[in-house]
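# Analysis of the macromolecular model
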Amino acid sequence: MRLMEKILEAELAGILKKIYPDFSDFSKLFVQKTGDNKFGDYQTNFAMTTAKTLGRKPVEIAREIADGFAGSEAVERAEVAGPGFLNLFLRADFLGGYIRGIGASPYDYSFVQRDGAVVVDYSSPNIAKRMHIGHLRSTVIGDAIKRIYRFMGYDVVGDNHLGDWGTQFGKLIVGYRNWLDRAAYEQSPIEELERIYVEFERRSENDPALAETARVELKKLQDGDPVNTGLWKEFIDLSLKEYGKIYTRMGVSFDTWYGESFYHGLMPGVVKTLMDKGIAKVSEDAVVVFFDESEHLPPCLVQKKDGAFLYATSDLACIKYRRENYKLNRIIYVTDDRQSDHFRQVFRVSELLGWNEPKSHVPFGFMKFADGMFSTRKGNVIPLDSLLEEAVKRARAVIDEKNPNLPEEEKDNVAERVGVGAVKYADLSKNRVSMVIFDWDKMLSFEGNTAPYLMYTYARIRSMLRKAEDAGKACREDAEMFFTEDAERSLALLLTQFPVAVMKAAETFSPNLIADYLFELCQGYNSFYNALPVLKEKESLMYSRLLLSERVSRILKTGLDILGVECVERM
Ligand code: ARG
């Protein structure tokens, strides 16, 4: 299914070719939806942007093109406005056909350069630590970005770049041998590993020899010692089991789980290349890349004097791997904004190496809790499983109140979807770089830009469609569409904007643009629904409005699905 803008642009290009057979630069030819229907449904300022090239007055060009629309199947009327805008008014039957066609085939984004793989690097918790709220945001935002690109037809690889190769392992191995509480470890392994890690830090303050022991254990691990490797694997397995529960509950999955350790073997080669090319140099026995002053970047350490590699080295090795193993379209990294400098360094070094595939760091800001409930005294470690549990519990209370007659089992299912959906949506609907305030009442409210509001609008449409079906008047896919009222016409036009919202969200890595769109769609639908009868209308109009409603529900479901929020049929 083509985007409405593309259909109109093609028609415009056809007219132009007739009027100006020698003209060939269509790169500035854009049609977009108007904000105000006074100015038509769609608009182009093409006449203005090409007046110079064509050597004519914009108004004259616009007038010629307007005349060219005579007999168009799509455009009923083209009006010249102001200095040379061209306002396009769609034919009702054409708009109707477009709405009828929604969902029949995927949107056609072939005008976008989609060659190669998009690697989305997200979630990426650190082994033996519980995921914190930053990982929640990375998981939710990264998963949405992955779905957005996939929806547009890109080949996407979602990679969980696990922190499985840090200095923490030496300390954990020492802690494990000395202070492990076996029962606690069996009960909740990550918590126990966190405890022995803290224990290590506490004890090593008074016992400097401990640090040395940990270093030796780490070295042994890195050199492949079987006992330490066995422990390391155990920590990873246990951690992944815990993370897996959260991912399953959140409906998040990955294509690869390589993690930092996977690139270990590539790191010495990367450092050697950096040295050979004169990009890095030895400074105080360490290997460092110094940047030009104009970059305003701190030097990037790639190897310590004891030979150990660093976070930046592993990311460089990872880029090397990705470019050698995928034909890359781009790499997208989703982490909190404290890592901005790290990625600027890594991207700059890879540029110096001539690794020029596009890379984007998609940073996000902090999440703060309105009621302080989940911030523990020890720091910002927020157990995500209890957060989800709490969300579902609260959603259940809301459902009990709103729809007490729903069967118990269904209530559980709805509460799960609403609870998890509300947490995800609260995150995705905000501008990602702003600080997000986590507020239970707001995110579970049935009013405003929330998951429950969107899900409820969807469920209400579905229930209307079921009611029509029960009355023997099921929605007809081939119904003729009428746009007798403003509310209907503007709703139909709004439906044409969904694929554009998705595209803009992809371009700027901003899932909130889709959320904004869906919210607007629901508001549009609700004013349509409040103003105009559907089932009580005479048949021709009823079938038209049923089909329009069905298409709204379809786009809502698709849009929420792209955001990773699952709809329910009743709530
Ligand atoms: N493990 C890191 C952390 O928890 C995030 C990794 C992000 N991805 C990357 N390629 N560096 O902070």
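Residues numbered from 1 in each chain as written. Predicted model: local features only at pLDDT ≥ 70, side-chain atom pairs only at ≥ 80, totals over all residues. Heavy atoms only, no water.

## Remarks on the overall build of the protein chain
Looking only at helices and strands, one finds 21 helices and 13 strands in the protein chain. The burial tally for the protein chain puts 52% of its 571 residues in the buried class. Expressed as a percentage of contacts within the protein chain between residues at least 6 apart in sequence, the contacts between residues at least 24 apart total 73%. Per element, the accessible surface of the protein chain, about 25900 Å² overall, is 50% carbon and sulfur. The protein chain carries 76 positive and 85 negative side-chain charges, and their two centres are separated by 1 Å. (Helix = DSSP H or I, 4+ residues; strand = E, 2+ residues; numbered from the N terminus. Buried < 20%, exposed > 50% of the residue type's maximum accessible area, 1.4 Å probe, protein only. Contact = heavy atoms within 4.5 Å. Areas by Shrake-Rupley, 256 points an atom, 1.4 Å probe, with all protein chains shown as cover. Lys, Arg positive; Asp, Glu negative; His and termini not counted. Charge placed at Lys NZ, Arg CZ, Asp CG, Glu CD.)

## Some remarks on the pattern of salt bridges
Applying the stated criterion across every chain yields a total of 50 salt bridges. Across the salt bridge formed by D276 and K272, the nearest N and O atoms sit 2.8 Å from each other. Of this pair, D276 and K272 both sit in helix α11 (residues 267-276), four residues apart, which is roughly one turn of the helix. Side by side, D276 and K272 carry an identical accessibility label, which is exposed. E477 is paired through a salt bridge with R554; the nearest N and O atoms lie 3.9 Å apart. You can see E477 sitting in the loop between α17 (451-470) and α18 (486-495) and its partner R554 sitting in helix α21 (residues 539-562), a full 77 residues away along the chain. (Salt bridge = Lys/Arg side-chain N within 4 Å of Asp/Glu carboxyl O.)

## Re the site of the ligand
Around the ligand, the surrounding shell consists of D121, S124, N126, H135, H161, Y311, D315, Y333, T335, Q339 and F343. A distance of 2.7 Å separates a nitrogen atom of the ligand from a polar atom in the side chain of Y311. Residue D315 places a side-chain N or O atom 2.7 Å away from a nitrogen atom belonging to the ligand. Within the complex, 90% of the 350 Å² of free accessible area of the ligand lies under protein. Placement of the ligand is best described as lying within the largest pocket. Across the shell around the ligand, the residue classes tally to three nonpolar, six polar and two charged. (Near = heavy atom within 4 Å. Polar contact = N/O pair within 3.5 Å; in protein donor to acceptor, adjacent residues only side chain to side chain. 1 Å grid on protein atoms, 1.4 Å probe; cavity = no way out; pocket = protein on both sides within 12 Å on 5 of 7 lines; lining within 4 Å. Sits in = over half its atoms within 2 Å of the grid points. Nonpolar A, V, L, I, M, F, W, Y, C, P; charged D, E, K, R; others polar.)

## Regarding unusual backbone geometry
Although it is not a glycine, S123 adopts a positive phi angle of roughly 75 degrees. Within the secondary structure layout, S123 lies in the loop between β5 (117-121) and α5 (133-151). You can call S123 buried: its relative accessible area is 2%.

## Describing the packing of helix α19 (residues 498-508) against helix α20 (residues 512-531)
Packed helices, taken two at a time, are described by the angle between their axes plus the distance between the axes. α20 packs onto α19 with a crossing angle of 160 degrees between their chain directions and a minimal axis gap of 8 Å. It follows that α19 is roughly antiparallel to α20 by the angle criterion. As for the relative orientation of α19 and α20, their crossing is right-handed in sense. Here F498, A501, V502, K504, A505 and T508 of α19 lie close against α20, whose contacting residues are L513, I514 and Y517. Of the residues contributing to the contact of α19 with α20, the split by class is seven nonpolar, one polar and one charged. (Axes fitted to C-alpha atoms, helices over the stretch in contact; angles between N-to-C directions. Parallel < 35°, antiparallel > 145°, perpendicular 65-115°, else oblique. Left-handed = near helix turned anticlockwise from the far one by under 90°.)

## With respect to the confidence of the model for the protein chain
In the predicted model, the protein chain carries a mean pLDDT of 94, and 98% of its residues have values of at least 70. With pLDDT under 50 throughout, residues 375-380 is counted as low confidence; its partners more than four residues away or in other chains account for three contacts. (pLDDT = per-residue confidence, 0-100.)

## Considerations on the sheet that holds strand β9 (residues 300-303)
Spatially, three strands are ordered β7-β8-β9 in an open sheet, and the strand pairing comes out antiparallel. Each edge of the open sheet is held by one strand with a lone partner, namely β7 (281-283) and β9. Mean inter-strand twist for the sheet, computed between neighbouring axes without regard to direction, equals 50 degrees. (Pairing = 2+ DSSP bridges.)

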